[in-house]
Amino acid sequence: MNNDIEKTLSQFKLKPPSESYFKKTSKILKTKAVSVPLFNWNYLLAFGLMLSVAFNWYQFQQPKITIAPESLVANNSSAQNSQGGYSVIQGAMVPYGSQRDLIVLLEN
Amino acid sequence: MHKKGQSTTLLTMRIKQLAKIFKSQHGRLYICAVAITRNRQAAEDAVHDAVIAVAQTSSDIKDLKAYLFSTVRNKAKYACVKNSKQQSNLEGILLCDDTTQQQIFSSQLFQQLEKLLPEQQETIIMKIFGGLTFKEIALATNQPLNTVASWYRRGLQTLKEKINEQ
């Protein structure tokens, strides 16, 4: 009887899906794959920041030490000039806030 | 920032993989959905929604195929609950071309089939009407092969008993 039931039921088949079923979903997947950006703007920003840091680091590496005039050395004072403020350390003019520890000693 | 870039690449890969799976499995996905919804339009919508949901998810998926089938089933069940008033019966989803006598017997069978346990109904629909193998049904339902075969056997047995009672 099981076989009879199976035989009777197997005469029926499912109606197929509509024609648009496959196309609709495939199209959406294609659109999603294309809309995912290949280029991330964050990468450009990170690169720009790295370039900026590298440039500034290079700038700071260049020594900017000027031999201080005698008058300033004698007084061991600061001087203002067109380039900004300087302090006199051991006879050398060093820009304010400089990270460099290079000091030129004046010999009398 | 690195995480976002990484996830974009993974998403692209997943969508491509999903497209491949859908191309090969779209028939089985539809059968799996219609076995639950008993409505063709609802089944198509469930598959469509499931594919979109899987494409958009950010979770880490080990087995994409199994996950897709599981999502289709969940969407189909949700559609059943949401559209309980929609026409959903076996005659609506089946092609039939038989004599009046057979129609009467078939009609009785369908009535009894709809009274079986949900898992037994689904298995019989997918196996007999959908033409899927036990292995394919086991993948679709994420159940062991023996369990699926057992549902099928018990479903037919119950149908036999009900028909004999009438």
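Residues numbered from 1 in each chain as written. Chains lettered and ligands numbered in written order. Predicted model: local features only at pLDDT ≥ 70, side-chain atom pairs only at ≥ 80, totals over all residues. Heavy atoms only, no water.

Notes on the overall build of chain B
- In terms of regular secondary structure, chain B is built from eight helices and one strand.
- Per-residue burial for chain B yields a buried fraction of 45% across its 166 residues.
- Looking at chain B alone, contacts between residues at least 24 apart form 67% of all its contacts between residues at least 6 apart.
- For chain B, the computed accessible surface area is about 9200 Å², with 49% contributed by carbon and sulfur atoms. (Helix = DSSP H or I, 4+ residues; strand = E, 2+ residues; numbered from the N terminus. Buried < 20%, exposed > 50% of the residue type's maximum accessible area, 1.4 Å probe, protein only. Contact = heavy atoms within 4.5 Å. Areas by Shrake-Rupley, 256 points an atom, 1.4 Å probe, with all protein chains shown as cover.)

Description of the interface of chain A and chain B
- Counting residues at the interface gives 30 residues for chain A, matched by 49 residues for chain B.
- Overall, the association of chain A and chain B removes approximately 3800 Å² of surface from exposure, summing both partners, and the carbon and sulfur fraction of that is 70%.
- When the buried area of chain A at its contact with chain B is split by residue, Phe 12, Leu 14 and Lys 15 of chain A rank highest and sum to 21% of it.
- Remark: the boundary between chain A and chain B carries one salt bridge.
- A salt bridge links Lys 24 of chain A to Asp 45 of chain B; the shortest N-O distance between them is 3.8 Å.
- The interface formed by chain A and chain B contains nine residue pairs in polar contact (both at pLDDT 80 or more).
- In terms of residues, the side of chain A that touches chain B owes the most to one element, helix H2 (residues 20–35) of chain A, which gives nine residues.
- A per-class count over the side of chain A that touches chain B returns 16 nonpolar, nine polar and five charged.
- For strand S1 (residues 13–14) of chain A and strand S1 (residues 94–95) of chain B, the ladder comprises two bridges, and the chain directions are antiparallel. Directly across from Lys 13 of chain A, in S1 of chain B, lies its bridge partner Leu 95 of chain B. (Buried area = accessible area lost by both parts, 1.4 Å probe. Salt bridge = Lys/Arg side-chain N within 4 Å of Asp/Glu carboxyl O. Polar contact = N/O pair within 3.5 Å; in protein donor to acceptor, adjacent residues only side chain to side chain. Nonpolar A, V, L, I, M, F, W, Y, C, P; charged D, E, K, R; others polar. Pairing = 2+ DSSP bridges.)

Considerations on unusual backbone geometry
Residue and element names in this part refer to chain B.
- In the Ramachandran plot, Arg 38 falls in the positive-phi region, its phi being about 60° despite a non-glycine side chain.
- Looking at Arg 38, the relative accessible area reads 11%, which means it is buried.
- Of note, Asn 142 is a non-glycine position whose phi angle comes to about 55°, a positive value.
- Of note, Asn 142 is situated in the loop between helix H7 (134–141) and helix H8 (145–165).
- Relative accessible area serves as the criterion here: at 61%, Asn 142 is assigned to the exposed category.

Let's talk about the confidence of the model for chain B
Residue and element names in this part refer to chain B.
- Mean pLDDT over chain B works out to 85, with 87% of the residues at or above the 70 mark.
- Within chain B, no element has a lower average pLDDT than helix H5 (residues 100–113), which sits at 75, and none a higher one than helix H6 (residues 118–129), at 93.
- Of the two predicted TM-score estimates for the complex, the pTM is 0.67 and the ipTM is 0.78. (pLDDT = per-residue confidence, 0-100.)

Concerning the environment of Phe 22 of chain B
- Mapping Phe 22 of chain B onto the fold places it in helix H1 (residues 2–37).
- Residue classification places Phe 22 of chain B among the buried positions, given a relative accessible area of 1%.
- Beyond its immediate stretch of four places on either side in the chain, Phe 22 of chain B contacts Tyr 21, Phe 22, Thr 25, Ser 26 and Leu 29 of chain A together with Leu 29, Val 47 and Val 51 of chain B.

A few points about the packing of aromatic side chains
- Per the stated rule, a full pass over the model turns up six aromatic pairs over all chains.
- Measuring from ring centre to ring centre gives 5.0 Å for Phe 12 of chain A and Phe 110 of chain B, while their planes differ by 65°; the resulting arrangement is edge-to-face. Residue Phe 12 of chain A is located in the loop between helix H1 (2–9) and S1, and its partner Phe 110 of chain B is located in helix H5; the two belong to separate chains. Both residues of the pair, Phe 12 of chain A and Phe 110 of chain B, count as buried.
- Measuring from centroid to centroid gives 5.3 Å for Phe 134 of chain B and Tyr 152 of chain B, while their planes differ by 75°, and the two rings are edge-to-face. (Phe/Tyr/Trp six-rings, centres within 6.5 Å; stacked < 30°, edge-to-face > 60°.)

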